[in-house]
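Coordinate analysis (summary)
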Amino acid sequence: MSQPDRELVDGVRAGDLGAFTALVARYRDAYTRFAVRMTGSTLDADDVMQSVWMRAFRNIGSCKNPDRFGAWLYQIVVNECRTYTTRRALRDNRFVDDSSETLAALQVTEPDVALRDEIQKALECLPADQREAFVLKHVEELSYDQIAEITGVGVSALKMRVSRACERLRELLEGVYHE
Amino acid sequence: MSDMRDGETRDTGLDERVLKAMRAPEVLAPDFESRLMAQARAEIARRQATTARRNWWVTGRVFVASPLAAFAMAAGIALAAAASTLVVTRRPEPAIIAKHDTVEFVRFVLVDSSARTVSVVGDFNGWKRDETPLNVASKPGVWSVSLPLSPGRHEYAFIVDGKRWVVDPASIAASDEFGTESSVLLVAPASIGAL
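Reading guide: rules and limits
- Residues numbered from 1 in each chain as written.
- Chains lettered and ligands numbered in written order.
- Predicted model: local features only at pLDDT ≥ 70, side-chain atom pairs only at ≥ 80, totals over all residues.
- Helix = DSSP H or I, 4+ residues; strand = E, 2+ residues; numbered from the N terminus.
- Buried ≥ 20, exposed ≤ 12 C-beta atoms within 10 Å, placed from the backbone.
- Contact = placed C-beta atoms within 7 Å.
- Pairing = 2+ DSSP bridges.
- Nonpolar A, V, L, I, M, F, W, Y, C, P; charged D, E, K, R; others polar.
- Core = buried A, V, L, I, M, F, W, Y, C linked by C-beta atoms within 7 Å.
- Axes fitted to C-alpha atoms, helices over the stretch in contact; angles between N-to-C directions.
- Left-handed = near helix turned anticlockwise from the far one by under 90°.
- Parallel < 35°, antiparallel > 145°, perpendicular 65-115°, else oblique.
- pLDDT = per-residue confidence, 0-100.
- Expected span 1.5 Å × (residues − 1).

Further remarks concern the overall build of chain A. In terms of helices and strands, chain A carries 10 helices and zero strands. Going residue by residue from the N terminus, the α and β elements of chain A occur as α-α-α-α-α-α-α-α-α-α. Relative to its full complement of 179 residues, chain A shows a buried share of 36%. Long-range contacts, defined here as pairs at least 24 residues apart, represent 67% of the contacts in chain A between residues at least 6 apart.

Along its length, chain B carries four helices and 10 strands. If you list the helices and strands of chain B from N to C, you get β-β-α-α-α-α-β-β-β-β-β-β-β-β. In chain B, which comprises 195 residues, the proportion classed as buried is 15%. Expressed as a percentage of contacts within chain B between residues at least 6 apart in sequence, the contacts between residues at least 24 apart total 61%.

Another point: the sheet that holds strand 3 (residues 104–111) of chain B. Across the sheet, three strands lie side by side as 3-6-5 (chain B); this open sheet has antiparallel pairing. Lying at the two open borders of the sheet, with one neighbouring strand each, are strand 3 and strand 5 (135–136) of chain B.

Counting residues at the interface gives 40 residues for chain A, matched by 39 residues for chain B. If you tally residues by element for the side of chain A that touches chain B, the top one is helix 4 (residues 42–58) of chain A, at 11 residues. Residue composition of the side of chain A that touches chain B, by class: 21 nonpolar, 10 polar and nine charged.

A word on unusual backbone geometry. In this structure, E141 of chain A takes a positive phi of about 55° despite not being glycine. Within the secondary structure, E141 of chain A is located in the loop between helix 8 (128–139) and helix 9 (144–151).

All right, on to the environment of I172 of chain B then. Residues and elements named next belong to chain B. For I172, the position within the fold is in strand 9 (residues 172–175). Residue classification places I172 among the exposed positions, given that 10 C-beta atoms sit within 10 Å. A sequence separation of 10 residues divides I172 from S182, and the C-alpha atoms of the two residues are 8.5 Å apart. If we ignore the near neighbours within four places in the chain, the residues touching I172 are S183 and V184.

Moving on to the nonpolar core. Within the largest apolar cluster, 50 residues are counted, with the highest numbers of intra-cluster contacts made by A35, L73 and V77 of chain A. Residue contributions to this core peak at nine residues, all from helix 5 (residues 69–90) of chain A. Apart from the residues within four sequence positions on either side, L73 of chain A is in contact with Y27 and A56 of chain A. One finds L43 of chain A together with L110, V142 and L147 of chain B within the second-largest nonpolar core, a separate group that totals 17 residues.

In terms of burial, helix 3 (residues 32–39) of chain A is a largely internal element, seven of the eight residues being buried. G40 of chain A lies just past helix 3 of chain A and shows a positive phi near 100°.

Moving on, we come to the packing of helix 3 of chain A against helix 8 of chain A. Residues and elements named next belong to chain A. In the contact formed by helix 3 and helix 8, the axes pass within 10 Å of each other and the chain directions differ by 145°. Helix 3 and helix 8 meet at a crossing whose hand is right-handed. For the pair formed by helix 3 and helix 8, the contact residues are R33, F34, R37 and M38 on the first element and R131, E132, V135 and V139 on the second. Among the residues making up the contact of helix 3 with helix 8, the classes are represented as four nonpolar, no polar and four charged.

Take the pairing of strand 7 (residues 152–160) of chain B next. Residues and elements named next belong to chain B. When strand 4 (residues 118–122) meets strand 7, the two strands line up antiparallel, connected through five bridges. Looking across to strand 7, one finds that V120 is bridged to F158. In terms of strand pairing, strand 7 meets strand 10 (residues 181–187) through five bridges, oriented antiparallel. Residue pairing across strands places G152 opposite V187, the latter belonging to strand 10. In the sheet, strand 7 pairs with strand 8 (residues 164–166) via three bridges, with the strands oriented antiparallel. Note on strand 8: the bridge partner recorded for F158 is V166.

For the rest of this paragraph, the subject is the packing of helix 3 of chain A against helix 4 of chain A. Residue and element names in this part refer to chain A. It is the contact of helix 3 with helix 4, at a shortest axis distance of 8 Å, that shows an interaxial angle of 120°. With respect to helix 4, the axis of helix 3 lies oblique. The interaxial crossing formed by helix 3 with helix 4 has right-handed handedness. When helix 3 is examined against helix 4, the residues T32, A35, V36 and T39 are found in contact with a partner set consisting of T42, D44, A45, V48 and M49.

So, on to the confidence of the model for chain B. Residue and element names in this part refer to chain B. Here chain B averages 73 in pLDDT, while 64% of its residues score no lower than 70. Residue range residues 191–195 is modelled with pLDDT below 50. Its contacts to residues more than four positions away, or to other chains, number five contacts. For this predicted complex, the interface score ipTM comes out at 0.80, while the overall pTM is 0.59.

In this section: the confidence of the model for chain A. Close inspection of predicted coordinates is inappropriate for parts of the model with low pLDDT. Mean pLDDT over chain A stands at 84; residues scoring 70 or higher make up 85%. Between residues 92–109 of chain A, whose pLDDT stays under 50, and residues either more than four places distant or in other chains, the model counts 19 contacts.

Before going further, it helps to examine helix 4 of chain A. Taking 1.5 Å of rise per residue, the 17 residues of helix 4 of chain A would be expected to cover 24 Å, and the 24 Å separating its terminal C-alpha atoms lies within 8% of that figure. Those residues of helix 4 of chain A lying buried are T42, L43, D44, A45, D46, V48, M49, V52, W53 and A56 of chain A.

Rendered as structure tokens:
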């Protein structure tokens, strides 16, 4: 039987690197998809998730309920993704341009890859708060109460963001799936 | 595609194929965990060094010395204090130990859709061409690897298909005394402090 989160969190607090390794192994891939959808690429998500885990490692003492380590970690993931997208927005749209150039240079023609890129571009067209709410709701399939706990945003505001995101995505992706 | 779960609508009005693609699992690079653990070990080492330095100052010590030796020690301490004052006056840089305790992870990326293998060589791996291979990243032809590097100046190049020397197009280049070009990377010390 695997060790409960509480014991592993206590181990990390006591300086046990093995306990940290076990937590990473347990949650390693759990939030990767969210980070990829929010940042736009696996490479950027990798950076974000490295940062997430180091933040969790340094601040494990502030995890008030170790039995709910996963929920606490999710909050860090959301915050790191917000920080990342905010910083990127401050740059000169380099990310989007680079992505287009890379795709053109590689001449990617596989339908699945092309569809996923179209979807990712559509997600990136959404305001960050709408993208975050939409991904948590319809990609990660969390309840509004769960999303409210993780993001600190009220349920009614979340519903509005998700609704607007769906509407915008339908417009952006209309041509993609009616081909 | 409309259903209800937990009393909440799942209707997005989006095509199922789109949602399926959005929900496709994503996997991080195979070396994600080893890079993370290297960072965690560096963090622990930094904490231990900080604690050791703090303990050295707060731990009580008893010195036994003859009157003559005590006088010599007192004079020595006074001289050391004066000298350190001079050093601090000339060089106000603090926390030099932190620079040595810390590594920064640097991601090397090369886009080459025709390459079959790519590796990076540099002063950090002894310019060994098989030491540090790059992996195909999220898209075909995009090669990458992240390495822990100490702060400072590093020179490197890519080796494509085991023989072709490629200077990083995204970096500045420098030539050695034989005219061979390599790329230059400056790694700044990691910022230190609580998050």
